[in-house]
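Spelled out from the first residue to the last, the chains are:
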Amino acid sequence: DTEVTQTPKHLVMGMTNKKSLKCEQHMGHRAMYWYKQKAKKPPELMFVYSYEKLSINESVPSRFSPECPNSSLLNLHLHALQPEDSALYLCASSQGTGGSYNEQFFGPGTRLTVL
Amino acid sequence: DQQVKQNSPSLSVQEGRISILNCDYTNSMFDYFLWYKKYPAEGPTFLISISSIKDKNEDGRFTVFLNKSAKHLSLHIVPSQPGDSAVYFCAASAGGNKLVFGAGTILRVKS
């Protein structure tokens, strides 16, 4: 299995809602990532989990809360988002750190719209 | 400060010809470089990579060239096919988990 899966594919939420994005990989990868991508822009790193521990938080607002329940799963909990948070949210995984171990494989993304 | 730059926002190529996508970087600590392809509304797909100890890596129709002294890399696609039409991102890594992406180049292959 060489796939990273993400659910849901699309999500529309109000500014007072609480929702979660889910990501799963079964490649035995030990690093998992959340990215945000706006139209016509490159992916922007949000969080990195390495061996199930949060290793990088790119100064993301606290209304985004990541969680790594086990080595195959990664969640992103959303609360009190703003309309400018509307974007494609991408999950990725890699074997580990450095060199070819950092070849990241991306999921299809969740298209989030905040009303 | 943009550490990875793709200065051509778009490129148009005839089917069967060579596509050359360029990428420049400023951080001399980068030691691993990757190219990704992205279709609209999909996640990026890993294409090919190169370590800083090499100057060329080839995989089928895709070849990546690295010129460390010029801090420049390029992706060659030969022959180009209509299905290659997508956004191509160059990315670089300095040994940790973090990838730094360029802004992307839109490739259009005309049949």
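Remember, it's a predicted structure, so these values are computed and weren't measured experimentally.

A. Layout of the sheet that holds strand β1 (residues 4-5) of chain B. Strand order in the open sheet formed by 5 strands is β1-β3-β8-β7-β6 (chain B), with antiparallel pairing between adjacent strands. Lying at the two open borders of the sheet, with one neighbouring strand each, are β1 and β6 (56-59) of chain B.

B. Molecular detail of the packing of aromatic side chains. Here the structure, examined in full by the defined rule, presents 13 aromatic pairs over all chains. Ring centres 5.2 Å apart and planes at 45° place the aromatic pair Tyr35(A) and Phe106(A) in the tilted group. Pair noted here: Tyr35(A) is in strand β4 (residues 31-37) and Phe106(A) is in strand β10 (residues 105-106), with a separation of 71 residues, a long-range link. The pair formed by Tyr35(A) and Phe106(A) is uniform in burial state, with each residue classed as buried. Aromatic side chains Tyr25(B) and Phe33(B) sit 4.7 Å apart centroid to centroid with 40° between the ring planes, which places their arrangement in the tilted category. Summarising the burial analysis for this pair, Tyr25(B) and Phe33(B) share the class buried. A connected cluster of aromatic rings, assembled from ring pairs, spans Tyr33(A), Tyr35(A), Phe105(A), Phe106(A), Tyr36(B), Phe46(B), Phe89(B) and Phe101(B).

C. Broad picture of the environment of Ile77(B). Residues and elements named next belong to chain B. Tracing the backbone through its elements, the reader meets Ile77 in strand β8 (residues 72-77). Owing to a relative accessible area of 0%, Ile77 belongs among the buried residues under this scheme. For the pair Ile77 and Ser111, spaced 34 residues apart in sequence, the C-alpha separation works out to 15 Å. With residues near it in sequence (within four places) discarded, Ile77 still touches Arg17, Ile18, Ser19, Leu21, Arg61, Phe62, Asp84, Tyr88 and Leu107.

D. Here's a closer look at the state of the cysteines. This model, assessed by the stated rule, comprises 2 disulfides over all chains. Sulfur-sulfur distance for the disulfide between Cys23(A) and Cys91(A) comes to 1.8 Å. Given an S-S torsion of about -70°, the disulfide between Cys23(A) and Cys91(A) has left-handed geometry. Taken as a pair, Cys23(A) in strand β3 (residues 18-25) and Cys91(A) in strand β9 (residues 87-94) lie far apart in primary sequence, 68 residues in all. Cys91(A) gets classed as buried once you look at its relative accessible area, which sits at 0%. Disulfide pairing is shown between Cys23(B) and Cys90(B); the S-S distance is 2.0 Å. Taking the sign of the S-S torsion, about -70° here, the bridge from Cys23(B) to Cys90(B) comes out left-handed. Here the residue Cys23(B) occupies a position in strand β3 (residues 19-25), and Cys90(B) occupies one in strand β9 (residues 86-93), the gap between them amounting to 67 residues.

E. The interface of chain A and chain B, seen in detail. The interface of chain A with chain B comprises 29 residues on the first partner and 20 residues on the second. With both chains or domains summed, chain A and chain B bury close to 1700 Å², and 58% of this area falls on carbon and sulfur atoms. At the boundary of chain A and chain B, one finds 1 salt bridge. Salt-bridge contacts for Glu58(A) lead to Lys98(B); the nearest nitrogen and oxygen are separated by 2.9 Å. Between the two partners, chain A and chain B, sit 11 residue pairs in polar contact (both at pLDDT 80 or more). Class assignment of the residues belonging to the side of chain A that touches chain B gives a composition of 13 nonpolar, 12 polar and 4 charged.

What counts as what
Residues numbered from 1 in each chain as written. Chains lettered and ligands numbered in written order. Predicted model: local features only at pLDDT ≥ 70, side-chain atom pairs only at ≥ 80, totals over all residues. Heavy atoms only, no water. Pairing = 2+ DSSP bridges. Helix = DSSP H or I, 4+ residues; strand = E, 2+ residues; numbered from the N terminus. Phe/Tyr/Trp six-rings, centres within 6.5 Å; stacked < 30°, edge-to-face > 60°. Buried < 20%, exposed > 50% of the residue type's maximum accessible area, 1.4 Å probe, protein only. Contact = heavy atoms within 4.5 Å. Disulfide = S-S within 2.5 Å. Buried area = accessible area lost by both parts, 1.4 Å probe. Salt bridge = Lys/Arg side-chain N within 4 Å of Asp/Glu carboxyl O. Polar contact = N/O pair within 3.5 Å; in protein donor to acceptor, adjacent residues only side chain to side chain. Nonpolar A, V, L, I, M, F, W, Y, C, P; charged D, E, K, R; others polar.

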